[in-house]
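Below are the chains, spelled out letter by letter.
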Amino acid sequence: MVTRCNSARFILLFRYMESAEVRKKFLEFFKERGHTILPSASLVPENDSTTLFTGSGMQPLVPYLLGQPHPAGKRLANSQKSFRAEDIDEVGDNRHTTFFEMLGNWSFGDYWKQEQLPWLFEFLTKEIKLKPENLYVTVFSGGKDLAADNESIEIWKKLFATKKIPTEYIEVNTEHEASEKGMQPGQRIFGYGVEKNWWSRAGLPSKMPAGEPGGPDSEVFYDFGTPHDTKFGKKCHPNCDCGRFLEIGNSVFMEYKKKADGTFEKLKQRNVDFGGGLERITAASNNDPDIFHVDVFKKMSEALAVDPNDEEALRKDRIIFDHIRAAVFLIADGVLPSNKGRGYVVRKTLRRAALFSRAAKTDRAWLKKVIQAVISSYRGVYGDIEAAADNILKTISGEFEKFSATLDEGLKEFHKRIASGKITSKDAFDLYQSYGFPWEVTKELAQAAGILLIGMDAGFETEFQKHQDISRTASAGTFKGGLADHSERTTRLHTAHHLLLRALQIVLGPEVKQRGSNITSERLRLDFAYDGKMTDEQKKKVEKIVNDKIKENMPVIRSEMSREEAEKLNAEHEFGQKYPDRVSVYSIGPMSATVQNPEFAEAFSIEFCGGPHVARTGEIGPFKIVKEEAVSAGVRRIRGTLDQG
Ligand code: SER
């Protein structure tokens, strides 16, 4: 688009930058600085069972960050297709998407902060022409046994000084503190703690399993200068979500590895892992906070005649565009709609789009145009999309048709069920089973009807689990293992599994973390991170603790709480799992702890879990360990069964 400001003396031309241009500039910039450009990896991860989809550029590169030499050298860059199913509920505002491209550059034991930060600054200000006064940065202010990143503070100060921009550093540590303090003129470099400026696949340092790499990071935010909205906190600051600031890049200085004793050691090499959202950088280049104004979405909106003044319609159209674009990429990578795992994620994404496109769009010509807008936007960049164009069109149209056939009847049933002013998990499950309504569709409808849904995500999940062999992770974002069925014996073994994990932590150390599980009516299998083989004595001790707790006949209690609350109680979760805002938690023994007083926890075990479980541990009966063996470096597998019954 060209905007013309005409005056008698000069004409100013402002051209909207397209994402293809930003991508090209980024890759060329890093190529000139000795980087090999890699193609994007598939959205379906290879050799990585911890997650359903590729969600960041570093994910396929983990072995090289840990020290394995990469065949293409020590400097790499690419634009990686990324999909984050866990963000599906956020889509609809002007900045969130499930699918995005992540621009990335990496140094495997080669350059370090002194090169990375100046290069990034140069790229953003010279190539993309962002005004340096609109850039704000954050750095790591330190954590338990982890030093503050003072080096990055000094580098940023010098960089801003070259542009004659005053750069006061302010340490805020937490988002809460930042929102209390706000920002003073001149403050530009903000120090936050582990919650905001530490990066690992598992999140916080305390959540990282042994062997996992991570490190402090430094993020760059673009300031759109929009007014602060106090709904998001007292005062604005770079990490505030009100819309004024948008994170456009993250340089992770990955130099640590978690040890089995819970402390950190330096990796063999110091790595740089940079990731920046292509669409977000493009939006910043246009000084336009709405990423749905970026070229690909613009093309899509031409096919759907979006009304920019109708906020609710705009939200729905953004969801349609995001979900259809995501489905195009997923189908091109071979993920077809189904009732399981990845396929179910595509299905629910398309059904949610179909729900929103229903009212005014009974004529489907628009759908073809929207899909073609995506395909043509990526022509020459992602060849696999064009090659799969026919299949993509057929698959998406077919899914819309299938869902339309039951949508009207399902809506009638939905309205009947909410006549009482509420909806139960069972209602939601019935709507799924009879009319194919994914939970996300029912949730949307219920929210639009003003029905309160506290705790429903977990409730529906449990209902779903009871009836269907659909991966729980279809909505949670990850997969692997789980329960084969909900028979009485499997349920008993499931509760034994919780006891076993806790017993392993008591005997081997609190760092033992679950890495996978699989339970049938015959046996349980638990994979856990631990260096070294268990001795016979350790196995005996673990078995005894489990059997003692069974004999104590402890109550097994299900609670629902916010994810933060559960995290503060140190509820166990499997590595890589992403959880919704409300979660179901099982404790063995009463949980008298509150978030304010976690030390009062009396429960023997607390886990994020959808169930089902026995009511009291005595129902399990005698338990025995059958085998303990290695599965991969640093990961052990233990099998156990019930002695009788
Ligand atoms: N791994 C970091 C991220 O995903 C930077 O690439 O944000």
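Numbers given to residues run from 1 along each chain, matching the order in which its sequence is written. Residues qualify for local features only when their pLDDT is at least 70, as the model is predicted, and side-chain atom pairs are given and counted only at 80 or more; totals for whole chains, interfaces and linings, by contrast, use all residues. The side-chain figures draw on all heavy atoms in the structure; neither hydrogens nor water molecules are used.

**Q** Would you mind going over unusual backbone geometry in detail, with residue names and values included?
**A** Residues other than glycine seldom take positive phi values, yet D145 does so here, at roughly 60 degrees. Secondary structure elements follow DSSP: runs of H or I of four or more residues count as helices, runs of E of two or more count as strands, with numbering from the N terminus. For D145, the position within the fold is in the loop between β6 (135-140) and α4 (150-162). Relative accessible area serves as the criterion here: at 68%, D145 is assigned to the exposed category. Even without a glycine there, the phi angle at N553 is positive, about 50 degrees. On the secondary structure map, N553 appears in the loop between α19 (536-551) and β16 (556-562). Judged by its relative accessible area of 32%, N553 is partly exposed. Throughout this description, buried means an accessible area under 20% of the type-specific maximum (1.4 Å probe, protein chains only), exposed means over 50%, and partly exposed covers the range between.

**Q** Before we move on, can you summarise helix α8 (residues 295-304) with the specific residues and values?
**A** Those residues of α8 lying buried are D295, V296, F297, M300, A303 and L304. Where α8 is buried, its residues contact α1 (19-32), α7 (278-285), α9 (311-332) and α11 (365-377). Just past α8, the residue A305 takes up positive phi, approximately 45 degrees. Contacts were defined at the residue level, with two residues in contact if any of their heavy atoms lie within 4.5 Å.

**Q** Can you lay out the site of the ligand for me, pointing to particular residues and giving the numbers?
**A** Proximity is defined per residue: if any heavy atom of the residue lies within 4 Å of a molecule or strand, that residue is considered near it. As a structural note, the neighbourhood of the ligand is formed by S56, M58, R84, M102, W199, N250, V252, D273, F274 and G275. In protein, a polar contact requires one atom able to donate a hydrogen and another able to accept it; more generally it is a pair of N or O atoms within 3.5 Å, and residues adjacent in sequence count only if both atoms are side-chain atoms. At 2.7 Å from a nitrogen atom of the ligand is found a side-chain nitrogen or oxygen belonging to D273. In this structure, an oxygen atom belonging to the ligand sits 3.1 Å away from a main-chain N or O atom of G275. Burial of the ligand by the protein chains amounts to 94% of its free accessible area of 240 Å². For the shell around the ligand, the secondary structure elements donating two or more residues are β11 (245-258) and β12 (264-277). Element by element, the count of residues in the shell around the ligand is highest for β12, at three residues. Classifying every residue of the shell around the ligand by side-chain character gives five nonpolar, three polar and two charged. Areas reported as accessible are Shrake-Rupley estimates using a 1.4 Å probe. Residue values count occlusion only from the protein chains shown. Following the grouping adopted for this structure description, the nonpolar residues are Ala, Val, Leu, Ile, Met, Phe, Trp, Tyr, Cys and Pro, the charged ones are Asp, Glu, Lys and Arg, and the polar ones are all others, Gly among them.

**Q** Kindly report on the pattern of salt bridges, identifying the contributing residues and their values.
**A** Throughout this description, the term salt bridge denotes a Lys or Arg side-chain nitrogen within 4 Å of a carboxyl oxygen of Asp or Glu. For the coordinates displayed, the defined rule picks out 41 salt bridges. Salt bridges linked by common partners bring E413, K416, R417, K426, D427 and D430 together as one network.

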